[in-house]
Amino acid sequence: MSRDARIVVLGHVDHGKSTLIGRLLHDTGALPPARIEEIVASSRRRGLATEWSFALDALQDERDQAVTIDTTRVWFRLGGRRYVIIDAPGHEEFLANAMTGASDADAAVLVVDAERGVEDQTRRHIYLLSLLDVAHVIVAVNKIDAVSEIRSGRGRERFAAVAGAARAALEAVGVSAHAIVPVSARDGDNVASRSPRTPWYDGPPLTELLASAAPRRESAAHEPLRIRVQDVYRRGDERVAAGTVRSGRIRIGDELRISPSGKTARVAALRAWPRDAASAGPGEAVGVVFDAPVYVDRGDLLAHEASPPPVVRSLHVRACWFDRDPPHVGETLRLRAGTADVSARVTDVLGATDPRTLEAPEHGAATRGMVYALALQTTVPVALDEDERCAIARRGVPVAAAHALTLHPLGANLFAVSHLVNATARAARNGHAGLVLWLTGLPAAGKTTIAMRVERELFQRGYQVYALDGDAMRTGLSNDLDFSAEGRSENIRRVAEVAKLLADAGTITLISLVSPAAADRARARGIVGAAFHEVYVDASLATCEGSLQARARRRDPGLHRNRRALRRSGRAGSGAEHRAQPRRPHRRRCGRVRGAGGAAARGAGVGRRFVLTDSGGAIF
Ligand code: GDP
């Protein structure tokens with residue numbers, strides 16, 4: 001059975017929205033006979049022709065009593081597919097739907113009265129439509145029966161005039177109408193079958209138009225591949241990037257690009273339940289296993305190498321605002337696109353529109369429900385498609401639903417330059433290849449001391465070597481970063497990028513950096529590649545505490561001796577990092593070095609073994 005198609009019906013009050021929904025339910029056989037009898041009888045009691053809008057009265061009663069409405073109750077069947085009508089009675093509800101993604105409609109039907117034409121509320125609904133992401137918009141020019149001389153040229157003229165106005169209003173906000181159909185919701189003309197009363201209309205009836213509006217997932221299959229990584233987990237030796245295919249199709253053997261990092265790898269396997277898959281399409285959840293050890297993280301976007309998404313740090317969004325406090329220039333918000341979640345600074349508020357008036361909001365007007373155009377600058381690069389839907393959060397609370405509008409991709413004008421000196425030539429000149437020894441471990445474990453001594457020792461022996469203290473980066477290249485988890489992680493990424501360049505230049509690069517998160521170290525490994533060697537500098541917590549206290553006393557003899565104060569005083573070594581000791585260093589590839597407390601230890605990576613003694617001497 002195919003998936004339900006979701007339809008949103010909207011239009012100016014009294015243009016016949018409810019009647020059209022009731023008529024659709026009736027003409028597609030969704031109403032039980034008893035319900036039809038009830039509708040006919042109650043219409044007659046009121047001296048009316050059958051009022052199909054009464055079909056929705058039960059729902060209206062529930063709404064009046066503020067009982068939660070299960071919108072999936074309003075549905076009908078066409079062919080083998082179920083069509084669910086998403087009810088969006090007012091503009092607040094509409095925006096709320098947009099926020100929660102409930103507006104992910106496959107099609108929208110905009111009802112416009114043939115006599116009254118496009119009115120203010122119609123325009124507002126059209127504007128709201130432009131904020132949603134509806135694939136097919138159908139305009140139903142209703143009450144065509146009421147147009148005098150419907151059969152004649154006047155009927156056709158009236159239809160053409162209203163259709164033209166609706167099309168223009170839609171196009172003004174960037175929405176194109178898939179089809180425009182003259183209907184009579186009351187009498188059923190062109191709803192489920194072609195009407196002989198409109199000989200001048202040669203298109204299909206409304207139900208056919210709805211049936212031909214390919215549900216989003218089917219049309220999404222023809223779009224470029226996009227999988228937002230939900231989680232990365234280990235299965236034995238295997239790293240699996242799990243996510244749901246948003247669009248396109250993924251197959252074993254495909255060359256994928258992981259954005260924003262830009263790394264590429266082939267799909268070696270597709271883990272799925274209950275059995276592995278050879279390919280997967282929209283809506284399907286898969287676990288991607290790559291043929292090479294590339295770094296993938298939650299929030300990354302997987303795409304085919306040939307059609308990657310833009311990677312941006314600067315973008316404009318259109319945001320429906322739900323908070324009382326409007327967006328402010330300079331404030332930092334969170335921008336969330338699926339599982340991607342980055343901090344973004346508002347660099348400009350480009351404009352604001354009140355969807356009720358389609359004008360700029362009056363001074364002092366409530367900000368809830370306003371639509372803002374914002375210029376944002378993200379702290380780290382993010383992979384986003386144009387028009388992608390995002391949420392904006394402030395202090396952890398969602399405050400707006402947004403569309404990515406203008407993207408300013410990174411590196412659009414960058415071209416990698418091919419060196420005329422290669423790595424082999426550099427290694428031949430230096431007598432060794434470049435590499436990165438990544439010393440990780442608790443603050444004050446002795447990483448920098450070891451790095452500096454190894455640097456001196458190697459230098460004296462004629463090696464090209466450089467020791468880079470990761471925290472020292474904070475005073476220069478990373479001085480724009482804060483000490484939040486994100487800021488630390490970004491600092492580690494930058495250190496890794498610098499280390500990679502130094503190693504490429506043929507240098508033995510010693511990095512000393514707390515880097516407690518395994519994910520950050522895995523990313524560093526991904527950036528540097530095969531030249532990366534992780535060394536865990538092992539020293540007990542007590543030893544490190546002692547060293548930190550001594551260091552603090554040296555810097556500020558009057559400093560309070562309690563642990564928490566000390567932890568707070570530690571530079572990068574805050575309490576969080578103390579606790580976040582890397583419990584499982586990468587044992588296979590890394591050496592283990594005993595630091596602060598002394599004693600000898602071994603490491604690997606310069607092509608031969610080395611031993612560090614507690615006096616700091618290195619023997620190769
Ligand atoms: P809504 O506010 O858009 O849901 O409008 P309703 O469906 O309640 O209809 C408003 C009025 O228009 C009612 O009195 C209906 O009987 C009438 N109406 C709806 N559809 C038609 C139609 O196709 N032809 C005519 N003549 N009247 C209609």
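Going by the structure above, here's the rest.
Small disclaimer: the values here were computed from a predicted structure and weren't measured. (Residues numbered from 1 in each chain as written. Predicted model: local features only at pLDDT ≥ 70, side-chain atom pairs only at ≥ 80, totals over all residues. Heavy atoms only, no water.)

Caption draft 1: Layout of the overall build of the protein chain. Each helix and strand in the protein chain was counted, giving 15 helices and 28 strands. Relative to its full complement of 620 residues, the protein chain shows a buried share of 48%. Across the protein chain, every contact between residues at least 6 apart in sequence was considered, and the portion connecting residues at least 24 apart equals 69%. Surface exposure of the protein chain reaches about 29,400 Å², of which carbon and sulfur atoms provide 50%. (Helix = DSSP H or I, 4+ residues; strand = E, 2+ residues; numbered from the N terminus. Buried < 20%, exposed > 50% of the residue type's maximum accessible area, 1.4 Å probe, protein only. Contact = heavy atoms within 4.5 Å. Areas by Shrake-Rupley, 256 points an atom, 1.4 Å probe, with all protein chains shown as cover.)

Caption draft 2: Inspection of the site of the ligand at higher detail. Of all residues adjacent to the ligand, which total 15 residues, the nearest are Asp14, Lys17, Ser18, Thr19 and Glu51. In the environment of the ligand, a nitrogen atom lies 2.7 Å from a nitrogen or oxygen atom belonging to the side chain of aspartate 145. For the ligand, an oxygen atom lies 3.1 Å from a polar atom in the backbone of arginine 186. The element that contributes the greatest number of residues to the shell around the ligand is helix α1 (residues 17-27), accounting for three residues. Classifying every residue of the shell around the ligand by side-chain character gives two nonpolar, seven polar and six charged. (Near = heavy atom within 4 Å. Polar contact = N/O pair within 3.5 Å; in protein donor to acceptor, adjacent residues only side chain to side chain. Nonpolar A, V, L, I, M, F, W, Y, C, P; charged D, E, K, R; others polar.)

Caption draft 3: Local environment of the pairing of strand β8 (residues 238-247). Across the ten residues that make up β8, a large majority, seven, are buried. Of the strand pairs in this sheet, strand β7 (residues 226-235) and β8 are connected by nine bridges, and their pairing is antiparallel. Its bridge partner being in β8, tyrosine 233 is matched across the sheet by valine 240. Connecting β7 to the next strand, β8, in antiparallel fashion are two residues, including glycine 236 with a positive phi near 65°. (Pairing = 2+ DSSP bridges.)

Caption draft 4: Structural view of the packing of helix α11 (residues 485-504) against helix α12 (residues 518-528). Direction vectors running N to C along α11 and α12 enclose 25°, while the axes themselves pass 9 Å from each other. Judged by the inter-axis angle, α11 sits roughly parallel to α12. For α11 against α12, the interelement crossing comes out right-handed. Between α11, through Ser489, Glu490, Ile492, Arg493, Ala496, Glu497 and Lys500, and α12, the contact on the second element is made entirely by Asp520, Arg523, Ala524, Ile527 and Val528. (Axes fitted to C-alpha atoms, helices over the stretch in contact; angles between N-to-C directions. Parallel < 35°, antiparallel > 145°, perpendicular 65-115°, else oblique. Left-handed = near helix turned anticlockwise from the far one by under 90°.)

Caption draft 5: The arrangement of the side chain of aspartate 469 in detail. Residue placement: aspartate 469 occurs in strand β22 (residues 465-469). In this structure aspartate 469 comes out as buried when scored by relative accessible area, which is 18%. Those residues in contact with aspartate 469 that lie beyond four places of it in its chain are Thr448 and Ser512.

Caption draft 6: Highlighting the packing of aromatic side chains. Scanning the entire structure with this criterion turns up five aromatic pairs. For the pair phenylalanine 159 and tryptophan 200, a centre-to-centre distance of 5.5 Å together with 35° between the ring planes defines the contact as tilted. Taken together, the residues span a long stretch of sequence, with phenylalanine 159 in helix α6 (residues 153-172) and tryptophan 200 in the loop between β6 (179-182) and α7 (206-212) at a distance of 41 residues. The class for tryptophan 200 is buried, based on a relative accessible area of 14%. Ring geometry for phenylalanine 159 against tyrosine 201: centres 6.2 Å apart, planes inclined by 75°, an arrangement best described as edge-to-face. Remark: tyrosine 201 occurs in the loop between β6 and α7 and phenylalanine 159 occurs in helix α6; sequence separation between them is 42 residues. (Phe/Tyr/Trp six-rings, centres within 6.5 Å; stacked < 30°, edge-to-face > 60°.)

Caption draft 7: Examining the packing of helix α5 (residues 120-131) against α6 more closely. Where α5 meets α6, the closest approach of the two axes is 9 Å, and the angle between their N-to-C directions is 40°. Classified by the angle their axes make, α5 and α6 are oblique. The element α5 and its partner α6 pack so that their crossing is right-handed. Across the interface between the two elements, Arg123, Ile126 and Leu129 of α5 pack against Ala166, Ala169 and Leu170 of α6. When the residues that make up the contact of α5 with α6 are grouped by side-chain class, the tally is five nonpolar, no polar and one charged.

Caption draft 8: The sheet that holds strand β2 (residues 75-78), seen in detail. One open sheet holds the six strands; their spatial order is β2-β3-β1-β4-β5-β6, and the pairing between them is mixed. Pairing within the sheet leaves two strands with one partner each, and these edge strands are β2 and β6. Ignoring which end each strand starts from, the neighbouring axes of this sheet average 25° apart. Summarising the sheet, strand β1 (residues 5-11) and strand β3 (residues 81-86) pair through four bridges and their orientation is parallel. Pairing of alanine 5 across the sheet is with tyrosine 83, part of β3. Across the sheet, α1 is in contact with β1, β2, β3, β4 (107-113) and β5 (136-142); its angle to β1 comes to roughly 145°.

Caption draft 9: Layout of the environment of alanine 433. In this fold, alanine 433 is placed in the loop between α9 (423-430) and β21 (435-440). Here alanine 433 falls in the partly exposed class, since its relative accessible area comes to 46%. Each C-alpha atom of the pair alanine 433 and alanine 505 lies 9.1 Å from the other, and the pair is 72 residues apart in sequence. Residues in contact with alanine 433, not counting those within four places in the same chain, are Ala427, Gly506 and Ile508.

Caption draft 10: Geometry of the pairing of strand β15 (residues 311-321). Here nine bridges tie β15 to strand β18 (residues 371-383), and the two strands are oriented antiparallel to one another. Looking at β18, one finds that leucine 315 is bridged to leucine 376. When β15 meets strand β20 (residues 397-409), the two strands line up antiparallel, connected through eight bridges. From the neighbouring strand, alanine 319 faces β20, where its bridge partner is alanine 402.

Caption draft 11: Region of interest: the sheet that holds β20. Overall, antiparallel pairing links the six strands, which are arranged β15-β18-β17-β16-β19-β20 in a closed barrel. Taken pair by pair, the neighbouring strands of this sheet meet at an average axis angle of 45°, ignoring direction. Where α5 meets the sheet, it contacts β15, β17 (340-353), β18 and β20, and its direction lies at approximately 150° from that of β15.

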